[in-house]
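Residues per chain are reported as follows:
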Amino acid sequence: MRRFSSRGGALLPTEYTNIKPFLPSLPPPPVGTDGSPVGPEVLSALFPSGMIQHEITMEPRVPISDQVRDAYKVYRPSPLIRAVELERVLDTPAHIYYKYEGTNPAGSHKSNTALPQAYFAAKDGISRITTETGAGQWGSALSQACNRFGLDLDVFMVRASYLQKPLRKTFINMHGGKVYASPSKLTESGGSFLEKDPEHPGSLGIAISEAVEVVLAEKRSCYSLGSVSDAVCLHQSIIGQESILQMEEMGEYPTEIIGCVGGGSNFAGIAFPFIEQVLTGNAEIKFTAVEPTVCPTLTEGKLKYDFGDASGLTPKYMMYTLGAGFVPPPIHAGGLRYHGMAPLVSHLVKLGMIDPIAYTQEKVLEAGKKFTLIEGILPAPESTHAIAAAIDSAIDARRSGEEKIILFNLSGHGYLDLAAYEND
Ligand SMILES: *Cc1c(COP(=O)(O)O)cnc(C)c1O
């Protein structure tokens, strides 16, 4: 029986769920350029000790520290809502539920991992975090978390988003963080891309290279990753854990779980605790991961060892990838513009437990507009991928008469991304 404490609501978990001990096999470990598994010394040049521990642990339950739980209490448990109006408009026998991760001040699920990462850095006596951000959600979440735990923050922001979303920069600045458009002249990796193209739109891979380069050159700062890693997927598991109890309260259990995928973390968050139940023989669920057609990592990428960044500074991970040099066009869902995919999500796709699909920007923004009018919440452009898939599945249920119970993750709100909806 999982333990929950009454502090901050009966639903707020006291432990994270680690999917790894339940998997029939593990993804191959990260390797260095020579092909041998990377040791802890490589990771400790970049990450605080608590994060490394969370990255490698094989314990099925990992305690959440009191300081982090206190911070979670500001916005967790997050609501799980039945989209009654949407069901009515779609005239579907399906029940549609969504877990809404946009209720925290930064507006997305990213705070779930930003808080423990800032806490672990502060605990190790580190004074500054350097990171990248795509659309700006990660930088926003981490700026609040760093502010809470007394750390400085430097953010390399993908240039396309930096220009599209100036309010994100204001948000990060207001919480004490500094923001640089990436590629920048501040690092060698950034400079080399600017040389080729002074108007380079940037990519998450390049911004990661810049952040990692800065951290490797400095002793008292550490790096922080907003998605992809096993530790981040671990932190996000609180989404699915809360959902299990909330669905129970509603007297229902999902037959299908849907999430959008950029690096894979919000999808992992809602899916992994349910995947544990499937793997232990207690459930049967269809899992759908939705990505943009212009960054089709799971539907068209290859499963192989590849760098996490664009300049080859990180270890290589066994993951679905479009190639570390892939630069996706600047779509509105900036948070989904990543060339790779979390090794754990990649592995589950390979095992056939997750079905990937790809949708066009036109289709998902249409679904986002519909959702805004019907449910009254304006979704992040990333989250509209999950909404579009949920709508398609519900329409499909109308045709087949199947009694589906659909649960999707509404990973964030779009109130700081209104420009995405402006010209369409
Ligand atoms: C960052 C982000 C994503 C994509 O990242 P994942 O790691 O795949 O979850 C999706 N939705 C929102 C709102 C985001 O901020």
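K.L.:
Is there a simple way to think about the site of the ligand in this case?
P.N.:
The environment of the ligand is made up of 19 residues, and the closest members are Lys 110, Ser 227, Gly 262, Ser 265 and Asn 266. In this structure, Gln 137 approaches the ligand through a side-chain N or O atom, which is 3.4 Å from an oxygen atom. Ser 265 places a polar side-chain atom, nitrogen or oxygen, 2.7 Å from an oxygen atom of the ligand. Taken atom by atom, the bulk of the ligand overlaps the largest cavity. Here the residues of the shell around the ligand are counted per class, giving 4 nonpolar, 13 polar and 2 charged.

K.L.:
I tried to follow empty space enclosed by the protein on my own but got confused; where do I start?
P.N.:
To find leftover empty space, one rolls a probe the size of a water molecule over the atoms. One pass over the structure, following the stated rule, counts 4 cavities of 30 Å³ or more. Roughly 330 Å³ of internal volume is contained in the largest cavity. In terms of lining residues, the largest cavity is bounded by 29 residues, among which Lys 110, Leu 204, Ser 227, Gly 263 and Gly 335 are the most central. Broken down by secondary-structure element, the contributors of at least two residues to the lining of the largest cavity are β5 (128–133), α6 (137–148), α10 (204–216) and α12 (265–279). Split into classes, the residues belonging to the lining of the largest cavity amount to 10 nonpolar, 16 polar and 3 charged.

K.L.:
Please clarify how the sheet that holds strand β7 (residues 178–182) should be interpreted in this entry.
P.N.:
Through backbone hydrogen bonds, the strands of a sheet pair up, either in parallel or in antiparallel fashion. Spatially, the 4 strands line up as an open sheet ordered β7-β6-β5-β8, and their pairing is parallel. A single partner strand is all that each edge strand has here, and the edge strands are β7 and β8 (221–223). Ignoring strand direction, the axes of neighbouring strands in this sheet form an average angle of 25 degrees. With 3 bridges joining them, β5 and β8 adopt parallel strand pairing. Each residue of the ladder has a partner; that of Ile 129, found in β8, is Cys 222. Taken strand by strand, α10 contacts β5, β6 (152–158), β7 and β8, and its axis lies near 165 degrees from that of β5.

K.L.:
Would you explain the layout of surface pockets in this entry?
P.N.:
The computed volume of the largest pocket comes to approximately 650 Å³. Surrounding the largest pocket, 31 residues form its lining, Pro 30, Leu 43, Glu 55, Asp 230 and Tyr 317 being those nearest its centre. When contributions to the lining of the largest pocket are tallied by element, the ones reaching two or more residues are α1 (40–44), α2 (49–56) and α11 (230–250). Of the residues forming the lining of the largest pocket, the biggest block, 4 residues, is contributed by α2.

The rules behind these values
- Residues numbered from 1 in each chain as written.
- Predicted model: local features only at pLDDT ≥ 70, side-chain atom pairs only at ≥ 80, totals over all residues.
- Heavy atoms only, no water.
- Near = heavy atom within 4 Å.
- Polar contact = N/O pair within 3.5 Å; in protein donor to acceptor, adjacent residues only side chain to side chain.
- 1 Å grid on protein atoms, 1.4 Å probe; cavity = no way out; pocket = protein on both sides within 12 Å on 5 of 7 lines; lining within 4 Å.
- Sits in = over half its atoms within 2 Å of the grid points.
- Nonpolar A, V, L, I, M, F, W, Y, C, P; charged D, E, K, R; others polar.
- Points joined across faces, edges and corners; volume = space filled by probe spheres on them.
- Helix = DSSP H or I, 4+ residues; strand = E, 2+ residues; numbered from the N terminus.
- Pairing = 2+ DSSP bridges.
- Axes fitted to C-alpha atoms, helices over the stretch in contact; angles between N-to-C directions.
- Contact = heavy atoms within 4.5 Å.

By themselves these figures say nothing about function.
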